[in-house]
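Tertiary structure, described
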Amino acid sequence: MSRAETRRPVRTPSPLWTFGLLRSELSITFRRWRTLALLGVLAAVPVLVGVAVKIETSDGSSFGGGGGGGEGPAFISQISNNGLFLVFTALAATLPFFLPMAVGVVAGDAIAGEASAGTLRYLLVAPAGRTRLLLTKYATVIAFCLAATLVVAVSALVVGALLFPVGDLITISGTRIGYAEGLGRAFLIALVVAASLVGVAALGLFVSTLTGSGIAAMATTVGLLITVQILDQIPQLDALQPYFFSHYWLSFADLMREPVYWDDLTRNLGLQALYAAVFGSAAWARFSAKDITA
Amino acid sequence: MAEPAATKRERPERTEPPGRSEHRERGSVEDAVIATRGLTKRYRGGQLAVDGLDLTVPAGSVFGFLGPNGSGKTTTIRMLMGLIEPTSGTARVLGRPMPREARAVLPGVGALIEGPALYGFLSGRDNLLRYDAADPGADPRTRRERVAEALDRVGLSAAAGKKAKAYSLGMKQRLGLAAALLQPRHLLVLDEPTNGLDPQGMREIRTLVRELASDGTTVFLSSHLLDEIEQVCTHAAVMAQGRLITQGPVADLSAGARGRLVVTTPDVADAARVLKEQGAGDVVVAEDRVTAEPPDRDLADVNTALVTAGVRVRGFAVERASLEDAFVALTGEGFDVAG
């Protein structure tokens, strides 16, 4: 009867174990139809933009005719000259909404989705460990940010190369750089865009720890995203606007200046780090003390 | 799968992956696998779900945790598993405090809590691989092998490749059970394990529980089905409205409620009279049966008295008290949902 007594479970966790959980997490995230659908939509955006520009400029005229209204760099008018500009245009088109929305869906679902499916309790009694599970989830969301951005960038690169001429390109400052360096800048821009989503990812993860419903967490995160985007347009709030996670998003265009204008880029990255720290800590504080009743 | 098939039938303790240290707990607390003292949970909003629970589950027992729906069984289990923080009181599982030492305790515990929860878009096998990847004590090198073994043990090998959302309730239940059996465990916590299973499935689960118990695993089984507990459990505890009403060996619990003497006869009036004369209490007459609390004397003499009084006896027996009788005797109420 007392045989169990002599076999108390004191096991030393393998140091590689965290990566095992991360790998499992990555594989179930990227095997979901929902994730693939989101990536599919993101891949379609550059195709739409590219085809639209191609049709618009098929008579030889240039696109948009310099009416580049208000925000964002006027990359779009350059596409017909150089397909590489489709990468910048597509990232500028998806960064305000499509990309963060996709990230909001994945981040919002991270904990709340497991809770509503009931799988969270089994992961915790496995025991995955609350802190490690949260870190794994965050790492996976960050990986999704990168994957989503690269999907847009690569799709734009391919579509741009197929529909338009490629070659040397002209920076915003008017200097000429080689195609190879242009590609390098495009990759750098993709990384910066992915890093711009880190704040939303942390916010989504925090929201995800607040509720037991995956749908509610996704909707709340996307709702917050839209709200912040609107508030960022209201001039009376300009004292607050530098603290909105989306405020410096389009600063990635500064990487296309010669020399690169770093001020807003570093502000953006600093702000994202701040959001990650604040909402990451809040998510941890909430999740590590939460009663799991779902 | 490249491993020799011979490892399959070995005792769990010998299939443990190499490199796992086994420590003998020094000065271990009693002989209890689960021990709670004054364990209490009050949910926000003031609802008292569990009230001062002192539960002791002896090592090696098959412990039945009984109570109507809403009596606090699941809240107790969640506290034991570190999912819910107790409002007050302490809980020790495998000799260590929970939830503080959850990381050390939980790898030795397999659990099925409030039904299975699965990733519908993954196959049964992939679900188990996922849960196993979450366990720090699980050796990735033996993962596939252990998953296959667990699937085999619950009879799901043939359906292992099917998506879990296509599983029937009974299959999901089996898969949940397989997840609890991925590792050799010291303690299995099974919350309503036969829910959704057909009679054949229930029988298989009971056999499995007995098998595990004979390997030295302590099984903590919650149920609202009394006969299920009675069939497999060595010990039981009864909860009602958040309180522990009783606990102990099943035999003692049933013995608490005494059996009844049942006399089957066409001459019920005479029989009742004789039984009263013989000192039987609480005589109840119904159609062709007279039941009574057996008197404190040799029942053979009681039978002789009946026959000499001219009562034609068709049947004369003592019906053993069931756990249900014990429960009713303890709570003075039926087995209904607590409000």
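Residues numbered from 1 in each chain as written. Chains lettered and ligands numbered in written order. Predicted model: local features only at pLDDT ≥ 70, side-chain atom pairs only at ≥ 80, totals over all residues. Heavy atoms only, no water.

We now examine the pairing of strand E8 (residues 109-112) of chain B. Residue and element names in this part refer to chain B. Of the two faces of E8, the one holding Val109 and Ala111 and the one holding Gly110 and Leu112 are both buried throughout. As defined by bridge partners, E8 adjoins strand E9 (residues 187-191) across four bridges and the pair is classed as parallel. Paired with Gly110 across the bridge in E9 is Leu188. (Buried < 20%, exposed > 50% of the residue type's maximum accessible area, 1.4 Å probe, protein only. Helix = DSSP H or I, 4+ residues; strand = E, 2+ residues; numbered from the N terminus. Pairing = 2+ DSSP bridges.)

A pair of packed helices can be characterised by two numbers: the angle between their axes and the separation between those axes. All names here are of chain B. Relative orientation of the contacting elements helix H9 (residues 268-277) and helix H10 (residues 299-308) amounts to 135°, with a least axis distance of 10 Å. In terms of orientation, H9 lies oblique with respect to H10. For the pair H9 and H10, the sense of crossing is right-handed. Together, Ala271, Val274 and Leu275 of H9 and Val302, Ala305 and Leu306 of H10 make up the contact between the two elements. (Axes fitted to C-alpha atoms, helices over the stretch in contact; angles between N-to-C directions. Parallel < 35°, antiparallel > 145°, perpendicular 65-115°, else oblique. Left-handed = near helix turned anticlockwise from the far one by under 90°. Contact = heavy atoms within 4.5 Å.)

Each aromatic ring pair is characterised by the separation of its centres together with the angle its planes make. All chains considered together, the criterion is met by 12 aromatic pairs over all chains. With 6.2 Å between their ring centres and 35° between their planes, Phe30 of chain A and Phe144 of chain A make a pair best called tilted. Here Phe30 of chain A, found in helix H1 (residues 17-31), pairs with Phe144 of chain A, found in helix H6 (residues 130-163); they are 114 residues apart in sequence, far enough to count as distant. Both rings, one in Tyr119 of chain B and one in Tyr131 of chain B, keep their centres 6.0 Å apart while their planes meet at 45°; by these two values the pair is tilted. Pair noted here: Tyr119 of chain B is in the loop between E8 and helix H3 (124-133) and Tyr131 of chain B is in helix H3, with a separation of 12 residues, a long-range link. For Tyr119 of chain B, a relative accessible area of 3% translates into the label buried. Ring pairing ties together the aromatic residues Phe206, Phe245, Trp249, Tyr275 and Phe279 of chain A, which thus form one cluster. (Phe/Tyr/Trp six-rings, centres within 6.5 Å; stacked < 30°, edge-to-face > 60°.)

Attention shifts here to the pairing of strand E15 (residues 289-293) of chain B. Residues and elements named next belong to chain B. Direction of pairing for strand E13 (residues 260-264) relative to E15: antiparallel, over a ladder of four bridges. Bridged to Leu261 within E15 is Ala292. As paired elements, strand E14 (residues 281-286) and E15 share four bridges and run antiparallel to each other. Counted as the bridge partner of Ala286 is Arg289 from E15. Hairpin connection, E14 to E15: the antiparallel pair is bridged by two residues, and Glu287 has positive phi, about 40°.

With that settled, consider helix H10 (residues 263-288) of chain A. Residues and elements named next belong to chain A. With 26 residues, H10 should cover 38 Å at 1.5 Å per step; its first-to-last C-alpha distance of 37 Å lies within 8% of that length. Among all positions in H10, only Leu265, Asn268, Leu271, Gln272, Tyr275, Ala276, Ala283 and Phe287 are buried. Contacts from the buried residues of H10 go to helix H4 (98-117), helix H5 (119-125), H6, helix H7 (179-196) and helix H8 (198-210). (Expected span 1.5 Å × (residues − 1).)

Moving on to the sheet that holds E15 of chain B. All names here are of chain B. Taken in spatial order, the four strands line up as E14-E15-E13-E16 in an open sheet, and their pairing is antiparallel. Either end of the sheet is taken by a strand with one partner, and the two such strands are E14 and strand E16 (315-319). Each adjacent strand pair in this sheet contributes to an overall mean axis angle of 15°, direction not counted. The pairing of E13 with E16 spans five bridges and is classified as antiparallel. Bridging from a neighbouring strand, Thr264 pairs with Gly315 of E16. Against the sheet, H9 engages E13, E14 and E15, with an angle of about 15° to E15. Seen against the sheet, H10 touches E13 and E16 and runs at an angle of roughly 150° to E16.

Bringing the confidence of the model for chain B into the picture now. Chain-level pLDDT for chain B is 81 on average; 84% of the residues reach the 70-or-more range. Residue range residues 1-29 of chain B is modelled with pLDDT below 50. Its contacts to residues more than four positions away, or to other chains, number 40 contacts. (pLDDT = per-residue confidence, 0-100.)

A few words now on the packing of H6 of chain A against H10 of chain A. Residues and elements named next belong to chain A. For the pair H6 and H10, the least separation of the axes is 10 Å and the interaxial angle reads 140°. With respect to each other, H6 and H10 are oriented oblique. Handedness of the crossing formed by H6 with H10: right-handed. For the pair H6 and H10, contact is made by Arg130, Thr131, Leu133, Leu134 and Tyr138 and by Ala276, Ala283, Trp284, Phe287 and Ser288, respectively. By residue class, the composition of the contact of H6 with H10 is seven nonpolar, two polar and one charged. (Nonpolar A, V, L, I, M, F, W, Y, C, P; charged D, E, K, R; others polar.)

Okay, the side chain of Arg185 of chain A next. For Arg185 of chain A, the position within the fold is in helix H7. Reaching out from Arg185 of chain A, the side chain makes a polar contact with the side chain of Glu258 of chain A at a distance of 2.6 Å. (Polar contact = N/O pair within 3.5 Å; in protein donor to acceptor, adjacent residues only side chain to side chain.)

With that settled, the discussion passes to helix H9 (residues 214-231) of chain A. All names here are of chain A. The first and last C-alpha atoms of H9 sit 26 Å apart over 18 residues, in line with the 26 Å expected at 1.5 Å per residue. Taken together, the buried positions of H9 are Gly214, Ala217, Met218, Thr221, Val222, Leu225, Val228 and Gln229. Down the axis of H9, the sector holding all buried residues measures 125°, keeping them to one side. On its buried face, H9 sits against helix H2 (33-56), H4 and H8. (Arc of directions from axis to C-beta.)

Residue and element names in this part refer to chain A. Mapping Leu205 onto the fold places it in helix H8. Note on Leu205: relative accessible area 3%, which makes it buried. The spatial distance from the C-alpha of Leu205 to the C-alpha of Trp284 is 9.5 Å, given a sequence separation of 79 residues. With sequence-adjacent residues up to four places away left out, Leu205 is seen in contact with Ala107, Ala110, Ile111, Leu134, Lys137, Tyr138 and Ala283.

Residues and elements named next belong to chain B. Taken in spatial order, the six strands line up as E8-E9-E10-E5-E11-E12 in an open sheet, and their pairing is mixed. What marks the edges here is a single partner per strand, and that holds for E8 and strand E12 (243-249). Across this sheet, the average inter-strand angle for adjacent strands is 10°, counted without regard to direction. Alignment of strand E5 (residues 62-66) against strand E10 (residues 218-223), held across five bridges, turns out to be parallel. Paired with Leu66 across the bridge in E10 is Ser223. The strands touched by helix H1 (residues 73-80) within the sheet are E5, E9, E10 and strand E11 (235-240), with E10 carrying the most contacts at an inclination of about 150°.

Next up on the list: the nonpolar core. If you look at the biggest cluster of nonpolar residues, it comprises 159 residues, and the most contacted ones within it are Phe88 and Phe252 of chain A together with Met81, Leu187 and Phe220 of chain B. In terms of residues, this core owes the most to one element, H6 of chain A, which gives 11 residues. The contact partners of Phe252 of chain A, leaving out residues within four places of it in the chain, are Phe75, Phe88, Leu91, Ala92, Leu95, Ile189, Val192, Val193 and Leu265 of chain A. Counting 15 residues, the second largest nonpolar core, distinct from the first, contains Ala272, Val274, Leu275 and Ala292 of chain B. (Core = buried A, V, L, I, M, F, W, Y, C linked by side-chain atoms within 4.5 Å.)

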